[in-house]
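Observations on chain architecture
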Amino acid sequence: MHDVFKGSFTQQEPIPEAGIEAAVAVMRSGRLHRYNTVAGETAQTVLLEQEFAASVGSKYCLAVASGGYAMATALRAVGVKAGDNVLTNAFTLAPVPGAIAAVGGVPVFVGVTPELVLDLDDLAAKADQGGVLLLSHMRGHICDMERLMEICDAAGIIVIEDCAHTMGAAWKGRPSGTWGKVGCYSCQTYKHVNAGEGGLFVTDDAEVAARAIMYSGSYMLYETHLAGPPPETFAQIKYETPNISGRMDNLRAAILRPQVADLATQCARWNERYFAIEAGLRDTAGLKVIERVEDESIVGSSIQFLLEGWAGASVQDLLTCCKARGVELKWFGNAEPVGFTSRYDSWRYVDAPAMPQSDKVLAGIVDMRVPLTFSLEDCTQIARIIREEVSRIYQSAA
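To start, this report covers the structure provided alongside it. Worth saying up front: this structure is predicted, and the values here are computed from it rather than measured.

Notes on the overall build of the protein
For the protein, the count of helices and strands is 13 helices and 14 strands. Against the 2.2 N^0.38 benchmark of 21 Å for 398 residues, the protein shows a C-alpha radius of gyration of 21 Å, consistent with a compact globule. Burial analysis of the protein (398 residues in total) assigns 55% to the buried set. Considering only residue pairs separated by 6 or more positions, the protein has 71% of its internal contacts joining residues 24 or more positions apart. Entry remark: accessible area of the protein is about 16300 Å², with carbon and sulfur atoms responsible for 52%. A gap of 4 Å separates the mean positions of the 34 positive and 47 negative side-chain charges of the protein.

Digging into the packing of helix α3 (residues 67-77) against helix α4 (residues 95-102)
Two elements in contact, α3 and α4, have axes whose closest approach is 9 Å; the angle formed by their N-to-C orientations is 40 degrees. Classified by the angle their axes make, α3 and α4 are oblique. Crossing angle aside, the handedness with which α3 passes α4 is right-handed. Contacts from Gly68, Met71, Ala72, Leu75 and Arg76 in α3 reach Pro95, Val96, Ala99, Ile100 and Ala102 in α4.

Things to note about the environment of Ser29
When you line up the elements, Ser29 lands in helix α1 (residues 17-29). For Ser29, a relative accessible area of 29% corresponds to the partly exposed category. For Ser29, the side chain forms a polar contact with the main-chain nitrogen of Arg31, separated by 3.0 Å.

Let's talk about unusual backbone geometry
At Arg139, a position not held by glycine, the phi torsion is positive, near 55 degrees. Structurally, the position occupied by Arg139 is in the loop between β4 (132-136) and α6 (145-155). A positive phi is found at Met220, a non-glycine position, where the angle reads about 60 degrees. Structurally, Met220 can be placed in the loop between α7 (206-215) and α8 (237-240).

As for α6
Among all positions in α6, only Met145, Leu148, Met149, Ile151 and Cys152 are buried. Around the axis of α6, the buried residues are gathered within 160 degrees of arc, so they sit on the same side. More than 90 degrees from the buried face of α6, the exposed residues found are Glu150, Asp153 and Ala154. As for α6, its buried residues are in contact with α5 (120-125), β4, β5 (158-162) and β6 (170-171). Put simply, Asp144 is the residue that caps the front of α6, since its side-chain oxygen is 3.2 Å from the backbone nitrogen of Glu146.

Overview of the side chain of Thr203
Checked against the element boundaries, Thr203 lands in strand β9 (residues 199-203). For Thr203, a relative accessible area of 2% translates into the label buried. Engagement of the side chain of Thr203 in a polar contact is seen with the backbone nitrogen of Asp205, the distance being 3.0 Å. If near-sequence neighbours (up to four positions away) are discounted, Thr203 is found in contact with Ser58, Lys59, Tyr60, Lys181, Val182, Val208 and Ala209.

Comments concerning the sheet that holds strand β13 (residues 330-331)
On the basis of which strands lie adjacent, the open sheet formed by four strands has the order β10-β12-β14-β13 and antiparallel pairing. Because the sheet does not close on itself, it has two edges, and the strands there are β10 (288-289) and β13. Where β10 lies against strand β12 (residues 302-306), two bridges are found, and the strand directions are antiparallel. Bridging from a neighbouring strand, Val289 pairs with Phe305 of β12.

Some words on the nonpolar core
Membership of the largest hydrophobic core comes to 46 residues, with the highest contact counts inside it found for Phe52, Leu123, Leu133, Leu148 and Leu200. At five residues, α6 tops the list of elements feeding residues into this core.

Rules used in this analysis
- Residues numbered from 1 in each chain as written.
- Predicted model: local features only at pLDDT ≥ 70, side-chain atom pairs only at ≥ 80, totals over all residues.
- Heavy atoms only, no water.
- Helix = DSSP H or I, 4+ residues; strand = E, 2+ residues; numbered from the N terminus.
- Rg over C-alpha atoms; globule rule 2.2 N^0.38 Å.
- Buried < 20%, exposed > 50% of the residue type's maximum accessible area, 1.4 Å probe, protein only.
- Contact = heavy atoms within 4.5 Å.
- Areas by Shrake-Rupley, 256 points an atom, 1.4 Å probe, with all protein chains shown as cover.
- Lys, Arg positive; Asp, Glu negative; His and termini not counted.
- Charge placed at Lys NZ, Arg CZ, Asp CG, Glu CD.
- Axes fitted to C-alpha atoms, helices over the stretch in contact; angles between N-to-C directions.
- Parallel < 35°, antiparallel > 145°, perpendicular 65-115°, else oblique.
- Left-handed = near helix turned anticlockwise from the far one by under 90°.
- Polar contact = N/O pair within 3.5 Å; in protein donor to acceptor, adjacent residues only side chain to side chain.
- Arc of directions from axis to C-beta.
- Pairing = 2+ DSSP bridges.
- Core = buried A, V, L, I, M, F, W, Y, C linked by side-chain atoms within 4.5 Å.

Here it is in structure tokens:
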């Protein structure tokens, strides 16, 4: 009898007690709005912004409604206008090209390598096709950021980092989100801190920060943004920037602050689980593990592997058989988007040319969430189930 995993791939850990207590205190006060404070009180949203900026070493931080809002605001704040081309990943999730489309921009897709990072040779070849790169560190994989910045700096490309999957990660010790002009993070339930929904925006550029604050709905209360730039930065910007309200409320900020404080501990726990699964998958015939390089400090909240050369029907068979044994896998190569999976040719509002090399990679990408509610024993069992089903299907097709 095959063993079956009984856990849930969508069950998160509880909010820390300190976050629950802080949230209850906000609710009891009734002052949920980000600017609703009493004399001598610092809003929870302001405190979160200060603490997150300090944690990544950025000058300025803005807490917002979602990671998608953070990206769209970043694009607006660096000057993207309707009709402008914006470079971005062919392998990413829908909110990334969605943020570009939301500001009227036109996504120009850059390829993916078998290591699941942005193809820097393709980026160099397309460097004249857009003045901004919205770089997605998709599923936590970080490319060579030094080479990427060299390419972009030489071409005058502004880099905005989508760090929805890399909060707490780094390249050569430098936090994800601090390499480009702006870093954007998600606080959605399945990310590294959980407010249900929410986002964070960081930058060292005073003018970009000021525009973002005005976009977020500051109502000329920008001087209360203690993680924002000096008041004089707003002198002209405050007259020119429309209000597109989206700053985070105090309730979600209260929930997030203890999680940000404990992020390093949580990241270490994710990595224990990630590497336990990876170890169980290694040397499985027909399955390729994604090798992580020494310069990359990862946060293993999901894991991917490649089924190179597999027919689509065999991949679907694997997904079906694993699901029957309690293991939920997602396939990014599916011709039709399913759940959170998607690929560049799924977004038909973009007139994107075919990318055969990237298509070969996308066709074999299988993805799985790694929630912290899994024990290390769970991870061993999950890897064993995947290994058994991959081996069975691969050998039957040989």
